[in-house]
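Each chain, letter by letter, is given below.
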Amino acid sequence: MDEDAGLLDRFQKSFKYYKANQPPPELQDVIRIDDGSHERLEPITLSSNGQRFPGLLSPECWRTYRVTGRPGLLVVANPFTGDGQRYWTARCVVDYPGPSNTNILPQQLDEPLGPNGWWPLLQSCSDPTKRRKLAKALRWATLGFHYDWTNKTYDDSNRSPFPRDLGDLVRYLAAAFGYKQFSPEASIVNFYPVGSTLAGHTDHSEDDLTAPLFSITFGRPAIFLIGGPTRNEMPDAILLQSGDIIVMSGPSRQCYHAVPRVFSVLEASLHEERSRWQTPCPTAEIEQQSTEEGMANICMRRWKECQSSSFWNPIEGYLESTRININVRQVKRVSPYDGVCVC
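**Focus: the overall build of the protein chain**
- Within the protein chain, the regular secondary structure consists of eight helices and 13 strands.
- The burial tally for the protein chain puts 54% of its 343 residues in the buried class.
- Pairs at least 24 apart in sequence give 78% of the contacts found in the protein chain among residues at least 6 apart.
- Carbon and sulfur atoms provide 49% of the accessible area of the protein chain, an area that totals close to 16,000 Å².

**What about the sheet that holds strand β1 (residues 31–32)?**
- With mixed pairing, the five strands of this open sheet are ordered in space as β1-β10-β9-β12-β7. Edge positions in the open sheet fall to β1 and β7 (198–201), since each of these has one partner strand only.
- Sheet contacts for helix α2 (residues 10–19): β7, β9 (222–226), β10 (236–240) and β12 (257–262); angle to β12, the most-contacted strand, approximately 15 degrees.

**Topic: the pattern of salt bridges**
- For the structure on display, the rule yields 18 salt bridges.
- Residue Arg 86 is joined to Asp 83 by a salt bridge in which the shortest nitrogen-to-oxygen separation is 3.6 Å. Separated by three residues within a single helix, Arg 86 and Asp 83 lie in helix α3 (residues 82–95), roughly one turn from each other.
- One salt bridge in this structure joins Glu 206 and Arg 329, with 2.8 Å as the shortest N-O distance. On the criterion of sequence distance, the pair formed by Glu 206 in the loop between β7 and β8 (213–219) and Arg 329 in strand β13 (residues 322–329) is long-range, its members being 123 residues apart. A single burial state applies to Glu 206 and to Arg 329, both of which are buried.
- Residues joined in a network through salt bridges with shared partners are Arg 91, Asp 95, Asp 165, Arg 301, Arg 302 and Glu 305.

**Section: the nonpolar core**
- Counting 59 residues, the largest nonpolar core has Trp 62, Trp 88, Trp 118, Leu 166, Leu 169, Phe 177 and Ile 315 as the members making the most contacts within it.
- Ranked by residue count, the leading element in this core is helix α6 (residues 164–176), at seven residues.
- Residues contacting Leu 166, with those up to four places away along its chain left out, are Trp 88, Tyr 96, Leu 143, Ser 187, Ile 326 and Val 328.
- Core analysis: the next-biggest nonpolar cluster, separate from the first, contains 20 residues, Ile 31, Leu 73, Leu 240 and Cys 255 among them.

**Focus: the confidence of the model for the protein chain**
- Averaged over every residue, the pLDDT of the protein chain is 86; residues scoring 70 or more account for 86%.
- Below a pLDDT of 50 lies the segment residues 279–293, which in the model reaches 24 contacts outside its immediate sequence neighbourhood of four places, other chains included.
- For the stretch residues 336–343, pLDDT sits under 50, and the model shows 22 contacts to residues farther than four places along the chain or on other chains.

**Focus: the packing of α3 against helix α8 (residues 309–319)**
- Put simply, α3 and α8 touch, their axes get as near as 10 Å, and they point 80 degrees apart. Accordingly, the angle class assigned to the pair α3 and α8 is roughly perpendicular. Here Arg 86, Thr 89, Ala 90, Val 93 and Val 94 of α3 come into contact with α8, specifically with Phe 311, Trp 312, Ile 315, Tyr 318 and Leu 319.
- Taken together, the residues of the contact of α3 with α8 sort by class into eight nonpolar, one polar and one charged.

Conventions used here
- Residues numbered from 1 in each chain as written.
- Predicted model: local features only at pLDDT ≥ 70, side-chain atom pairs only at ≥ 80, totals over all residues.
- Heavy atoms only, no water.
- Helix = DSSP H or I, 4+ residues; strand = E, 2+ residues; numbered from the N terminus.
- Buried < 20%, exposed > 50% of the residue type's maximum accessible area, 1.4 Å probe, protein only.
- Contact = heavy atoms within 4.5 Å.
- Areas by Shrake-Rupley, 256 points an atom, 1.4 Å probe, with all protein chains shown as cover.
- Pairing = 2+ DSSP bridges.
- Axes fitted to C-alpha atoms, helices over the stretch in contact; angles between N-to-C directions.
- Salt bridge = Lys/Arg side-chain N within 4 Å of Asp/Glu carboxyl O.
- Core = buried A, V, L, I, M, F, W, Y, C linked by side-chain atoms within 4.5 Å.
- pLDDT = per-residue confidence, 0-100.
- Parallel < 35°, antiparallel > 145°, perpendicular 65-115°, else oblique.
- Nonpolar A, V, L, I, M, F, W, Y, C, P; charged D, E, K, R; others polar.

The structure is reproduced here in structure tokens:
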């Protein structure tokens, strides 16, 4: 009995290790995808087929890897340009948290969110204590199918239009990996203040679990744990930095995963943290799509506003103590996902 209990505790034991502050965890076993030098990372070459997306490098330039020993788990080291990161973080912070699609309840606030949502209320708050409380209050916003957290289900009656720009982005990512029929239908945008965690779980509420799950990180670095289909398998720890993407497909789609740690600015263990707004792969030719046709995938007003320091600086300040995660999944069954070349 004691032996079985020990086996069942492997995932949680690792979670507690990376969550601990006294002493803080050692990071020598963490898989870093910055330069692809880790022995568990197997490079993948993708093709854009001539298609480009604003704010992204061409897929040929992405530093994309399989994680060996984790079938179906793919990672991309920040394929976004600096402008791309600014745009998507602005959309997550300013636009996506509306008055009725977040975790924030009216009784948690001194005043209602109002029709413009959380960000305008935060910006108008002059009391430092109330402002800190409101900044940490937002934990998630749901888009498309709104997840029923109590019953752990999706319902056709609780659905809003999926944001066009985010849908276009994820369809582009999916096509680059060979998932040309992927349909972005639900997203949970998670907001992790430094010190917060996400407990181990599997994602199994969608109708078609053969469709991949796309997860994008912005803001503070974090440890991502991924194990196996049961909690008795020792997980791997992966360091995710701003702009990094994880694709959970195949067997990894139904594996236990968690976020035990979001790193603060002061934590010296990440002394070589990647610059968040620096465009990666500087030797690659980067072609900004500035024509009307090329920018049709995004909100032009937000794109232009992100070039303004008065608009951008408050968002960057918020990101100094927060990790944002956009995860996107297909809810309804469309067609079998067979023969994907990169998995």
